[in-house]
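In case you want the letters, here they are:
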Amino acid sequence: ARERSAFVRAALEQGGEVGTFCVTLAFTGARISEILALTPERVDAGNGSIVLETLKRRKRGVFRAIPVPSKLIAQLRSVHAIRSCGSDPKMKLWTWGRTTAWLHVKSTLQVAGVREPLATPRALRHAFGVDAVQNGVALNILQRWMGHARIETTAIYADVIGREERALARRTWRSLEKALGA
């Protein structure tokens, strides 16, 4: 969670299209290619979500809606000049390729002080999944948000150790700790 927060702060400081790309990546847990495919018509302000096509499945046309903060939607609308009518709803928000996007994410992670081997877009996606589990998001919801076909794939994010495991354990102790006394 700490690295994700630092990443979002660094992205917001950077601003512009790189900033919106990185913040969208952090808030959705999506793959780089899924964010690169985002169009204005898939920024759903009415439902407060971003609709992504799941690109890792064998078949096309599998979409998922991921709830995001209204401030992120407002930022996307502002930076990318998205309007209810008037902008091309099918035009991609970012025109870069995967390599350029990967380099932008990597450099933003470095600015955020995230060290190797965690300074990768893949680690950012993993952090999204772990953070969601730690905050009580049900695995079936996380499965939908991440675009996994199988719940077993999503369950990997519940297999935490170290600090993350301790944080989960603390949540189960809350009701019992009072019995220990002050």
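Residues numbered from 1 in each chain as written. Predicted model: local features only at pLDDT ≥ 70, side-chain atom pairs only at ≥ 80, totals over all residues. Heavy atoms only, no water.

S.K.: Honestly, the packing of aromatic side chains in this entry has me stumped. Any pointers?
M.R.: By convention here, two paired aromatic rings are described through the distance between centres and the angle between planes. Taken as a whole, this structure holds three aromatic pairs when the rule is applied. Pairing Phe21 with Trp94 gives two aromatic rings, centres 5.3 Å apart and planes at 85 degrees, and the pair type is edge-to-face. Placement of Phe21 in helix α2 (residues 16–28) and of Trp94 in the loop between α4 (70–79) and α5 (98–111) is noted, with a sequence separation of 73 residues between them. On the accessibility criterion, Trp94 (1% relative accessible area) is buried. Aromatic ring contacts, followed pair by pair, group Phe21, Trp94 and Trp96 into a single cluster. (Phe/Tyr/Trp six-rings, centres within 6.5 Å; stacked < 30°, edge-to-face > 60°. Helix = DSSP H or I, 4+ residues; strand = E, 2+ residues; numbered from the N terminus. Buried < 20%, exposed > 50% of the residue type's maximum accessible area, 1.4 Å probe, protein only.)

S.K.: I tried to follow the environment of Val130 on my own but got confused; where do I start?
M.R.: Looking at the element boundaries, Val130 is found in helix α6 (residues 121–134). For Val130, a relative accessible area of 9% puts it in the buried group. Taking the C-alpha atoms as reference points, Val130 and Ala158, separated by 28 residues in sequence, lie 6.5 Å from one another.

S.K.: Teacher, can you tell me more about the sheet that holds strand β3 (residues 63–67) here?
M.R.: Within a sheet, neighbouring strands are paired by backbone hydrogen bonds and run either parallel or antiparallel to one another. The strand order across the open sheet built from three strands is β1-β2-β3, with neighbouring strands paired in antiparallel fashion. What marks the edges here is a single partner per strand, and that holds for β1 (43–44) and β3. Of the pairings in the sheet, the one linking strand β2 (residues 49–53) to β3 comprises five bridges and is antiparallel in character. Bridged to Ser49 within β3 is Pro67. (Pairing = 2+ DSSP bridges.)

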